[in-house]
Amino acid sequence: SQTIHQWPATLVQPVGSPLSLECTVEGTSNPNLYWYRQAAGRGLQLLFYSVGIGQISSEVPQNLSASRPQDRQFILSSKKLLLSDSGFYLCACQPYSGNTIYFGEGSWLTVV
Amino acid sequence: EDKVVQSPLSLVVHEGDTVTLNCSYEVTNFRSLLWYKQEKKAPTFLFMLTSSGIEKKSGRLSSILDKKELFSILNITATQTGDSAIYLCAVRSTGRRALTFGSGTRLQVQP
């Protein structure tokens with residue numbers, strides 16, 4: 001079964017600083033990969049998804065970007081963080097042959 | 001645009017109670033509905049439903065889908081404090097690669 005590693009687990013960054021959250025997947029090949037954000041006590045908002053290396057689809061306009069340099073690596077970035085970027089970021093994976101999405105442990109981002 | 005609405009938003013019960021969580025949806029070309037439990041960090045998968053009227057069951061948890069009325073329920077019987085969590089409902093439509101989530105129901109089970 002697949003394992004999703006996500007880091008860092010917790011991050012406190014000043015406004016205007018850059019961001020890099022990394023996600024790697026083990027146990028599956030050619031998965032669909034996702035970045036979701038969850039505001040406190042709320043549902044999950046899809047930010048980006050990727051069906052393959054270098055293929056990124058963005059769901060909402062924002063100052064975040066995503067990249068998939070390798071099949072099982074997905075990176076969420078920002079050049080300049082805003083206060084509104086604070087939240088809980090979840091990387092998720094759908095195995096190539098599956099219908100269920102599985103989540104990493106998440107990264108808490110606080111922009112101060 | 002796909003839409004998922006969960007109710008209630010929050011719920012406080014006592015151990016031993018039975019609870020029913022609701023999820024209604026509006027999607028184009030429905031494919032499946034999924035339930036997740038989120039305690040502290042990562043949501044964990046509970047059920048995936050694709051057909052109406054077929055109950056999925058796991059221990060004290062069960063779920064059923066009504067594709068005609070466009071909703072699903074998640075039942076938890078004999079609740080325990082360990083059931084305290086946010087329960088998320090999500091739907092997938094054909095042609096869409098990602099899940100659309102509801103805002104979740106926060107369940108608190110008191111001893």
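Look up a bit, the structure's there.
Since the structure is predicted, the reported quantities are computational estimates derived from the model, not experimental observations.

(A) Summary view of the overall build of chain A. Scanning chain A from N- to C-terminus turns up zero helices and 11 strands. For chain A, the C-alpha radius of gyration of 13 Å lies close to 13 Å, the compact-globule estimate for 112 residues. Projected onto its principal axes, the C-alpha coordinates of chain A cover approximately 40 × 30 × 20 Å. Here chain A, with 112 residues, has 49% of them falling under the buried criterion.

(B) Focus on the overall build of chain B. A tally of regular secondary structure across chain B gives zero helices and 11 strands. Starting at the N terminus and ending at the C terminus, chain B contains elements arranged as β-β-β-β-β-β-β-β-β-β-β. For a compact globule of 111 residues, the expected C-alpha radius of gyration is about 13 Å, and chain B comes in at 13 Å, within 12% of that figure. Considered along the principal axes of its C-alpha atoms, chain B spans approximately 45 × 30 × 20 Å. Across the 111 residues that make up chain B, the buried fraction comes to 45%. In chain B, the share of contacts with a sequence separation of at least 24, taken over all contacts with a separation of at least 6, comes to 54%. Carbon and sulfur atoms provide 47% of the accessible area of chain B, an area that totals close to 5500 Å². Counting 14 positive and 10 negative side-chain charges, chain B places the averaged centre of each group 8 Å from the other.

(C) Just the interface of chain B and chain A, in detail. Counting from both sides, the interface comprises 20 residues of chain B and, opposite them, 21 residues of chain A. Summing the contributions of chain B and of chain A, the shared interface buries around 1700 Å²; its carbon and sulfur component is 55%. The largest per-residue losses of area from chain B upon contact with chain A belong to B:K41, B:R97 and B:F101, which jointly make up 29% of the total buried on that side. Taken together, chain B and chain A are joined by zero salt bridges. For the pair chain B and chain A, the interface holds five residue pairs in polar contact (both at pLDDT 80 or more). For the side of chain B that touches chain A, the leading source of residues is strand β4 (residues 30-38) of chain B, giving four residues. Along the lines of polarity and charge, the residues of the side of chain B that touches chain A split into 11 nonpolar, three polar and six charged.

(D) Looking closely at the environment of B:K41. Mapped onto the elements, B:K41 comes out in the loop between β4 and β5 (44-49). B:K41 sits in the partly exposed class, given a relative accessible area of 36%. Excluding residues within four positions of it along the chain, B:K41 makes contact with A:F88, A:L90 and A:E105.

(E) Examining the sheet that holds strand β3 (residues 19-26) of chain A more closely. Residues and elements named next belong to chain A. Here four strands make up an open sheet; going across it, the order is β1-β3-β8-β7 and the pairing antiparallel. The open sheet has two edge strands, β1 (3-7) and β7 (64-70), and neither has a second partner. Within the sheet, the average angular offset between the axes of one strand and its neighbour, ignoring direction, is 20°.

(F) Representation of the pairing of strand β8 (residues 73-78) of chain A. All names here are of chain A. With respect to burial, β8 is a largely interior element, five of its six residues being buried. Two elements, β3 and β8, share six bridges in a ladder whose sense is antiparallel. Bridge pairing in β8 places L21 opposite L76. Remark: two residues form the turn of the hairpin made by β7 and β8, two consecutive strands paired antiparallel.

(G) View of the packing of aromatic side chains. Applying the stated criterion across every chain yields a total of 11 aromatic pairs over all chains. Plain terms: the ring middles of A:F103 and B:F101 are 5.9 Å apart, the flat faces sit at 65° to each other, and that makes the pair edge-to-face. Note that A:F103 is positioned in strand β10 (residues 102-103) and B:F101 in strand β10 (residues 100-101), a pairing that runs across two chains. Taking 6.0 Å as the distance between ring centres and 75° as the angle between the ring planes, the aromatic pair formed by B:Y36 and B:F45 counts as edge-to-face. B:F45 sits in the partly exposed class, given a relative accessible area of 32%. One aromatic cluster in this structure is built from A:Y34, A:Y36, A:Y49, A:F103, B:Y36, B:F45 and B:F101.

About the thresholds
- Residues numbered from 1 in each chain as written.
- Chains lettered and ligands numbered in written order.
- Predicted model: local features only at pLDDT ≥ 70, side-chain atom pairs only at ≥ 80, totals over all residues.
- Heavy atoms only, no water.
- Helix = DSSP H or I, 4+ residues; strand = E, 2+ residues; numbered from the N terminus.
- Rg over C-alpha atoms; globule rule 2.2 N^0.38 Å.
- Buried < 20%, exposed > 50% of the residue type's maximum accessible area, 1.4 Å probe, protein only.
- Contact = heavy atoms within 4.5 Å.
- Areas by Shrake-Rupley, 256 points an atom, 1.4 Å probe, with all protein chains shown as cover.
- Lys, Arg positive; Asp, Glu negative; His and termini not counted.
- Charge placed at Lys NZ, Arg CZ, Asp CG, Glu CD.
- Buried area = accessible area lost by both parts, 1.4 Å probe.
- Salt bridge = Lys/Arg side-chain N within 4 Å of Asp/Glu carboxyl O.
- Polar contact = N/O pair within 3.5 Å; in protein donor to acceptor, adjacent residues only side chain to side chain.
- Nonpolar A, V, L, I, M, F, W, Y, C, P; charged D, E, K, R; others polar.
- Pairing = 2+ DSSP bridges.
- Axes fitted to C-alpha atoms, helices over the stretch in contact; angles between N-to-C directions.
- Phe/Tyr/Trp six-rings, centres within 6.5 Å; stacked < 30°, edge-to-face > 60°.

Fair warning: the whole summary comes from geometry, so function is off the table for now.
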